[in-house]
Protein chains: 2
Amino acid sequence: MELTERKKKVLRSIVDLYIRTAEPVGSKAIAEMPDMKYSSATIRNEMADLTAMGYLEQPHTSAGRIPSPAGYRLYVDELMLDYRLSMDETQKISDAIESKMQQVDRMVEKVAKLVSQATDLPAISVASRHGGATVKRFELILAGSGSFILVLMLSNDEVVNKLIKLPLDIAEADLKLLAAVLNATLTELPPEGITPELLDRVMRSAGAAASLVPVVVDFTCDTLRKQERTNMAVAGQMRLLTQPEYRDIDKAQRIMTSLDEESLSNLPAIMQNANGTQVLVGPEHVAQELKDTSVVMTKFDIGDGMHGMIGVVGPTRMDYAKVTARLSYFAESLSKMFAKPDKPQLPEGDKEN
Amino acid sequence: MELTERKKKVLRSIVDLYIRTAEPVGSKAIAEMPDMKYSSATIRNEMADLTAMGYLEQPHTSAGRIPSPAGYRLYVDELMLDYRLSMDETQKISDAIESKMQQVDRMVEKVAKLVSQATDLPAISVASRHGGATVKRFELILAGSGSFILVLMLSNDEVVNKLIKLPLDIAEADLKLLAAVLNATLTELPPEGITPELLDRVMRSAGAAASLVPVVVDFTCDTLRKQERTNMAVAGQMRLLTQPEYRDIDKAQRIMTSLDEESLSNLPAIMQNANGTQVLVGPEHVAQELKDTSVVMTKFDIGDGMHGMIGVVGPTRMDYAKVTARLSYFAESLSKMFAKPDKPQLPEGDKEN
DNA sequence: CTTAGCACTCAAAGGCGTTGAGTGCTAACG
DNA sequence: CGTTAGCACTCAACGCCTTTGAGTGCTAAG
């Protein structure tokens, strides 16, 4: 059967309305919409066709229609009118992003929170690196008797520190020596490059501070390994409860439990060779429990050999247009922010609903 | 009327059972309990008395009884058999705490998560300082052209750093000078002690690095002020959904929304002159929405002029014995951990359910 | 003082008819 | 030939009623 323009229009109207109301939509409701020039009977015929073609579904005989996964797919791919952010929304998002952050893991959490706030849905935020980081420089700073601060400057411009307490006293000169040795031997090395032999060499050159080497190196390896891992955060799970389809607590709970870092760990893999915004409708993606759920994810580059991903999880009928608009905007803002760390440039918003 | 031993025993049995089942308990159920030597009729009489005395309530005529707030209060204060943590639970908590943390805000979040996990309820974690912190030492470390790292060692042994990028090149000597000046003039000062005059003095002494002063001082003041604020985190809100009384989504949602940092900001004030574990039953505490909820909080000292608080939020019928046991254990573990930062000593657990 | 017995109460659960939104089909219309 | 009015049909949702059974208070006997 042919998918005529009129059929498309009807389908779009149905999805639009369903997104708003979360209830099966009937022929009459569509026929009464402002720019729909046909009667309910005609719409009914079209709806019957669309159902036959697999774009709509009927919960039961005497109910209206709801979009099928295929229907959503078509909607997302072709039919969706893009949603422009209103001035107000733009402003809010910009303001939020202004509060700058430094450490990646913190940032990921913060971003997840912001996205969740902006969409009123549970949100996921991921930052992953293409390659691992190395230490660019070690600094050891004496901090009173028996303790010192280890500062690691990493190749990706992150800075990590740790206060280390030790039972013995350390002279400043010894620390200086140790720092010099570390900088000479262990910089620019991936964690697996720090071999026992190398460690042995450092120990022997370190003189009085040799006893500090293990704890310093341990922390360093830990940190580097942590940098390799992708950072992921989930926020706003409770917002799922505002959606009518999750009034059923058991359902809500089932989904909530699969909204944690572990369960979603395969998401980055799925998005691997995607770019821009992806809409994963219902059964398309692997996470078991998320059957009647959709995930909208946007991937973006943030330089330094890293890319970020933000996304939201919601009912399949969620307002894709709105959500994708906001996500894209967010992604763009974040990209810009990373390009110029301390002065996020924000795109101009357009006012319109 | 006299509160006889038998009445107490009946009351305890009722609360115990109600805690387990979340359903009104009837006379028969109590009479059938293993060490209850009286018939249901006798129990009924006692229950009638307890109701008259205000310790029990009846949702409707032909239903069993549920404890009133006064009943819970009596239970918590006198009747509760203390719950010893099983080996297994002890082990889990210890293991979790072993993973050491440094920054207070991170730690607070982590602790909230752990407590929530351990109790299967939403948890709150607070760390607050009696007095503000000051900077013990400034360090400026060159990190490539046009950027450097500012490291602040605070009086409470926290270390904070920030990578600062600037358009102009800075010589290492200039940084050294600036650091010396900062250390000479701005250490041991509360944020409000950093006056414009002082700032002016620093600027003039700083030579080539004068342009860096504002950004450095800004960050410093920010950090100090942040240290003053009490850190609070809430975790595991979703766990509320496992409780039968929150099967009603609206109810659950209402409570969830008041489970954020802002809404709970007056909690520390309420706990101010309490020490040890406090059980706030139902109407006793101020947070509006939390009417039919209880909050169990434990306050503990963690040295460095700080104290911590951990607590959980749950239905009034929650298993106080279990919850308070776990909280106390946690609090003790945390205290010890802070006393000896890198080697948390854990109390011995006793196996028993 | 304790307990068996009994009449009473009332929320919860199940059965049942009504309602109304929505459908598919057909026949008439432009 | 596409469009539309009309009509019979379907079925979840709703409200109403009855039944059920857990639980109570009271009384009288042990």
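In this text, all values refer to a predicted model and were calculated from it rather than measured experimentally. (Residues numbered from 1 in each chain as written. Chains lettered and ligands numbered in written order. Predicted model: local features only at pLDDT ≥ 70, side-chain atom pairs only at ≥ 80, totals over all residues. Heavy atoms only, no water.)

Student: I'd love a proper account of the overall build of chain A, names of residues and values included.
Tutor: The helix and strand inventory of chain A stands at twelve helices and ten strands. Its C-alpha atoms give chain A a radius of gyration of 27 Å, clearly above 20 Å, the size a compact globule of 353 residues would have. Considering only C-alpha atoms, chain A reaches an extent of 90 × 40 × 35 Å along its principal axes. Sequence-distant contacts in chain A: of pairs separated by 6 or more residues, those separated by 24 or more amount to 61%. Counting 41 positive and 49 negative side-chain charges, chain A places the averaged centre of each group 3 Å from the other. (Helix = DSSP H or I, 4+ residues; strand = E, 2+ residues; numbered from the N terminus. Rg over C-alpha atoms; globule rule 2.2 N^0.38 Å. Contact = heavy atoms within 4.5 Å. Lys, Arg positive; Asp, Glu negative; His and termini not counted. Charge placed at Lys NZ, Arg CZ, Asp CG, Glu CD.)

Student: Outline helix H1 (residues 5-21) of chain B, listing residues and values.
Tutor: For H1 of chain B, built from 17 residues, the straight-helix expectation of 24 Å at 1.5 Å per residue is met to within 8% by its first-to-last C-alpha distance of 24 Å. Buried within H1 of chain B we find Lys7, Val10, Leu11, Ser13, Ile14, Val15, Leu17, Tyr18 and Ile19 of chain B. (Expected span 1.5 Å × (residues − 1). Buried < 20%, exposed > 50% of the residue type's maximum accessible area, 1.4 Å probe, protein only.)

Student: Would you mind going over the protein's contact with DNA strand D in detail, with residue names and values included?
Tutor: Neighbouring DNA strand D are 21 residues; Arg6, Thr42 and Ser62 of chain A together with Ser27 and Arg65 of chain B lie closest to it. Taking the atoms of DNA strand D that fall within 4 Å of the protein, sugar and phosphate contribute 77% of them. A distance of 2.7 Å separates a phosphate oxygen of DNA strand D from a polar atom in the side chain of Arg6 of chain A. Note that a base oxygen of DNA strand D is positioned 3.1 Å from one of the side-chain N or O atoms of Arg44 of chain A. Counting only elements with at least two residues in the surface near DNA strand D, the list comes to helix H3 (40-52) of chain A together with helix H3 (40-52) of chain B. Here the surface near DNA strand D is built from residues that sort into four nonpolar, twelve polar and five charged. (Near = heavy atom within 4 Å. Polar contact = N/O pair within 3.5 Å; in protein donor to acceptor, adjacent residues only side chain to side chain. Nonpolar A, V, L, I, M, F, W, Y, C, P; charged D, E, K, R; others polar.)

Student: Run through the sheet that holds strand E5 (residues 147-154) of chain B, naming residues and quoting values.
Tutor: Residues and elements named next belong to chain B. Read from one edge of the open sheet, three strands run E4-E5-E6, paired in antiparallel fashion. Two strands close off the open sheet at either side, each with one partner strand: strand E4 (135-142) and strand E6 (159-165). Each strand of the sheet is rotated relative to its neighbour by a mean of 20 degrees, with strand direction disregarded. Where helix H9 (residues 213-228) meets the sheet, it contacts E4, E5 and E6, and its direction lies at approximately 35 degrees from that of E5. (Pairing = 2+ DSSP bridges. Axes fitted to C-alpha atoms, helices over the stretch in contact; angles between N-to-C directions.)

Student: So what's going on with the relation of the copies chain B and chain A? Residues and values would help.
Tutor: Here chain B sits on chain A after a turn of 180 degrees about the axis and a move of 0.0 Å along it, with an RMSD of 0.1 Å. Read as a symmetry element, the transformation amounts to a two-fold axis. A symmetric contact is evident, with 100% of the interface residues of chain B recurring at the interface of chain A. (Least-squares fit on C-alpha atoms with pLDDT ≥ 70 in both.)

Student: Could you give an account of the domain arrangement of chain A, naming the residues involved and the relevant values?
Tutor: According to the domain assignment, chain A consists of domain 1 (5-79), domain 2 (87-122 + 236-338) and domain 3 (135-228). Summarising the inter-unit geometry, the C-alpha centres of domain 1 of chain A and domain 3 of chain A are found 64 Å apart. (Domains from an automatic or database assignment.)

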